[in-house]
Amino acid sequence: MHQECIVPSCGLKYSVKEARTACDRGHLLDIRYAEPPAAKLKEVFLERRNHRGNIFNESGVWRYRELLNFTGVDTEEYESYRKLLVSLDGGEGHTKPYKMSKVAKEYTDSNSESLYLQPEGLNPSGSFKDNGICTGLTAAKMLGVRKMICASTGNTSASLAMYAANEGLEARVYVPKGQIAPGKLAQAFQFGAEIVQVEGDFDAALETVLSIAKNEGAYVMNSINPFRLEGQKTVIFRALEYFDWNVPDWIVWPGGNLGNSAAFGKGLSELYDWGFIKKKPRVAVVNAEGANTLYMLHNGLYDGRRLVWNSGRYDEALIQDYYSYLKESSFKAETVASAIKIMKPVNLPKCLRTLEQFNGVVTQVSDSEMLDAMAIVGMNGFDCEPASGATVAGIKTLVEKGVIAKDDMVLGILTGRLKDPDLIAKYHLKEGNRFAKPPRVHAE
Ligand SMILES: *Cc1c(COP(=O)(O)O)cnc(C)c1O
Ligand SMILES: [Zn+2]
């Protein structure tokens with residue numbers, strides 16, 4: 001296996017033993033495997049669910065270790081892989097799709113049999129990020145780095161801090177001051193990370209981190225790290241395994257820095273190429289209205305030019321023009337969904353590739369649509385944060401537009417749990433909100 005530039009006309013290759021986040025010409029990198037894994041592994045994965053105390057079988061990430069074996073360990077030799085693979089004692093990745101009948105009735109106006117939502121908030125630190133941080137830290141171990149660094153809208157820092165504490169590694173996290181959910185900041189404190197507050201937004205924090213990493217030799221744990229994305233593929237593996245490797249018509253998720261958009265697409269196309277699945281799903285990425293770079297560019301709403309992958313010849317100049325326009329107009333992202341409040345998504349090219357490979361669409365939703373969606377997810381006994389509400393609100397929008405048919409089988413990813421209690425209290429205290437249930441006052 002090796003690291004390979006995603007742009008076919010560039011195609012630079014590097015060993016997996018190099019700590020990189022870009023090729024020498026500045027493009028994103030993929031991890032590529034030489035041998036396709038055996039299709040009979042489906043049985044092995046099921047077998048491991050009875051883990052018998054092996055934490056790497058218990059882990060919903062490492063259970064699929066043959067499909068992300070960038071360390072090259074012997075995946076059947078416990079002594080070979082236990083020294084390298086990072087896991088929170090098997091705790092990550094215990095998620096699966098659920099039918100949420102109230103969401104289905106209210107939002108797709110259909111039988112509740114065909115809508116599934118997968119709450120990745122059930123991961124140990126409360127978001128899908130754990131799927132990727134455990135593989136990112138495994139790469140760090142393989143490379144012999146001990147200093148980790150990330151920029152974060154909150155959940156990456158929570159997850160990195162948690163794993164670093166558990167592994168005895170150093171974590172320094174850069175967060176946009178005053179712009180992350182209190183519950184997420186609390187986790188970074190709780191797990192003893194070194195916290196740096198950045199004056200500015202997430203995009204500024206990430207730029208800071210990328211330059212510091214270069215100067216200090218710290219390893220970046222953002223989704224620009226190709227090893228982190230390998231772990232996030234397992235979100236999709238678990239869902240498909242649950243469906244007995246039958247493929248839904250649609251898979252829908254929110255778009256922030258577009259790491260999931262990159263990882264899910266890579267995982268799906270590998271499964272397809274390796275013969276694990278016979279059909280390709282369609283995909284939909286949901287932006288917040290107030291932070292909608294992907295929506296604007298992919299749909300040709302800025303300057304009329306549609307930004308597409310175009311077999312790797314995507315229009316870099318269009319992206320740069322748009323970023324200049326944002327700067328000149330002093331554009332400020334505005335949304336309650338702080339996890340996707342990102343204007344310069346670092347994985348944009350990889351997301352374009354996913355959209356091309358899976359006949360994808362990009363939609364956007366408002367804050368109030370996200371908050372309504374969170375409330376109705378809650379009525380099914382699950383909590384999620386606004387960025388995850390975006391998934392549900394996006395499904396509603398696409399069903400209303402007739403893009404998703406009413407009886408299509410749909411899998412939506414709920415990316416994280418609610419970590420801003422004030423936000424939900426405010427929603428329910430306001431009578432006008434669609435699903436608000438304000439408390440009554442008890443009179444003697
Ligand atoms: C990080 C995060 C996102 C954004 O995901 P990307 O992969 O960066 O697009 C969405 N929702 C939650 C809860 C997150 O923590
Ligand atoms: Zn390149």
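Before reading on, note that the structure itself is shown above.
These lines cover the structure that appears in this document, whether it is placed above or below. Values in this document were obtained by computation on a predicted structure and should not be read as measured data.

Attention now moves to helix H9 (residues 226-242). Counted at 1.5 Å a residue, the expected span for H9 with its 17 residues is 24 Å, and the 26 Å between its end C-alpha atoms agrees. Buried residues dominate H9, accounting for 16 of its 17 residues. Two residues or fewer past H9, Asp244 is found with a positive phi of approximately 60°.

With that settled, consider the site of ligand 1. Around ligand 1 there are 15 residues in total, and Lys129, Asn155, Gly256, Asn260 and Thr415 lie nearest to it. At a separation of 2.9 Å, an oxygen atom of ligand 1 approaches a polar backbone atom of Leu258. Contact with the protein chains removes 98% of the 380 Å² of surface that ligand 1 exposes when unbound.

Each angle at a metal carrying four tetrahedral donors should ideally be 109.5 degrees, and each at a metal carrying six octahedral donors should ideally be 90 or 180 degrees. For the zinc ion (ligand 2), the full set of protein donor atoms is Cys5 (SG), Cys10 (SG), Cys23 (SG) and His27 (ND1), at a range of 2.2 to 2.3 Å. When the donors of the zinc ion (ligand 2) are listed by position in the chain, the intervening gaps give C-x4-C-x12-C-x3-H. Linking Cys10 in the loop between strand E1 (2-5) and strand E2 (13-14) with Cys23 in the loop between E2 and strand E3 (29-32), this pair joins segments that are 13 residues apart in sequence. Each member of the pair Cys10 and Cys23 is classed as buried.

What follows covers the sheet that holds E1. Across the sheet, which stays open at both edges, the 3 strands sit in the order E2-E1-E3 with antiparallel pairing between neighbours. Here the strands that pair on one side only, and so sit at the sheet edges, are E2 and E3. Relative to E2, E1 is paired through 2 bridges, and the arrangement is antiparallel. Bridge pairing links Gln3 to Tyr14 in E2.

Under the criterion given, the structure shown has 2 cavities of 30 Å³ or more. Residue lining of the largest cavity: 26 residues in total, with Phe128, Lys129, Gly256, Asn257 and Ala339 positioned closest to the centre. Looking at the lining of the largest cavity, the elements that each hand over two or more residues are helix H6 (155-167), H9 and helix H10 (259-273). Taken together, the residues of the lining of the largest cavity break down into 9 nonpolar, 14 polar and 3 charged.

Tallying each qualifying case throughout the model produces 28 salt bridges. Here Arg20 ties to Asp24 by a salt bridge, and the two come within 3.0 Å at their closest N and O atoms. According to the relative accessible area criterion, Asp24 is exposed, its value standing at 59%. Between Glu167 and Lys141 there is a salt bridge, with its nearest N and O atoms 3.3 Å apart. Remark: Lys141 occurs in helix H5 (residues 129-143) and Glu167 occurs in helix H6; sequence separation between them is 26 residues.

The subject of this paragraph is helix H16 (residues 421-429). When H16 is considered as a whole, its buried residues turn out to be Leu423, Ile424 and Tyr427. Buried residues along H16 cover an arc of 90° about the axis, so they all sit on one side. Seen from the buried face of H16, the exposed residues on the opposite side, beyond 90 degrees, are Pro421, Asp422, Lys426 and Leu429. Residues of H16 that are buried sit in contact with helix H14 (367-378) and helix H15 (386-400).

Attention now moves to the packing of aromatic side chains. Overall, the coordinates contain 16 aromatic pairs when judged by the stated rule. Note on Phe45 and Tyr64: the rings are 5.0 Å apart at their centroids and 65° apart in plane angle, and the pair reads as edge-to-face. With a gap of 19 residues between them, Phe45 in helix H1 (residues 41-48) and Tyr64 in the loop between helix H2 (55-58) and helix H3 (78-81) connect regions that are remote in the sequence. Residue class for Tyr64 comes out buried when judged on its relative accessible area of 0%. Where Trp253 meets Phe264, the ring centres are 5.0 Å apart and the plane angle is 85°; that geometry is what we call edge-to-face. Of this pair, Trp253 sits in strand E10 (residues 250-254) while Phe264 sits in helix H10, placing them 11 residues apart in sequence. Members of the aromatic cluster, connected to one another through ring pairs, are Phe45, Tyr64 and Phe237. Between Arg353 and the ring centre of Trp309, over which it is positioned, the NZ or CZ distance is 5.9 Å. Against the face of Tyr107 rests Lys396, its NZ or CZ located 5.1 Å from the ring centre.

Quick notes on the rules
Residues numbered from 1 in each chain as written. Chains lettered and ligands numbered in written order. Predicted model: local features only at pLDDT ≥ 70, side-chain atom pairs only at ≥ 80, totals over all residues. Heavy atoms only, no water. Helix = DSSP H or I, 4+ residues; strand = E, 2+ residues; numbered from the N terminus. Expected span 1.5 Å × (residues − 1). Buried < 20%, exposed > 50% of the residue type's maximum accessible area, 1.4 Å probe, protein only. Near = heavy atom within 4 Å. Polar contact = N/O pair within 3.5 Å; in protein donor to acceptor, adjacent residues only side chain to side chain. Areas by Shrake-Rupley, 256 points an atom, 1.4 Å probe, with all protein chains shown as cover. Donors = N, O, S within 2.8 Å, 3.2 Å for Na, K, Ca; no water. Pairing = 2+ DSSP bridges. 1 Å grid on protein atoms, 1.4 Å probe; cavity = no way out; pocket = protein on both sides within 12 Å on 5 of 7 lines; lining within 4 Å. Points joined across faces, edges and corners; volume = space filled by probe spheres on them. Nonpolar A, V, L, I, M, F, W, Y, C, P; charged D, E, K, R; others polar. Salt bridge = Lys/Arg side-chain N within 4 Å of Asp/Glu carboxyl O. Arc of directions from axis to C-beta. Contact = heavy atoms within 4.5 Å. Phe/Tyr/Trp six-rings, centres within 6.5 Å; stacked < 30°, edge-to-face > 60°. Lys NZ or Arg CZ within 6 Å of the ring centre and 35° of its normal.

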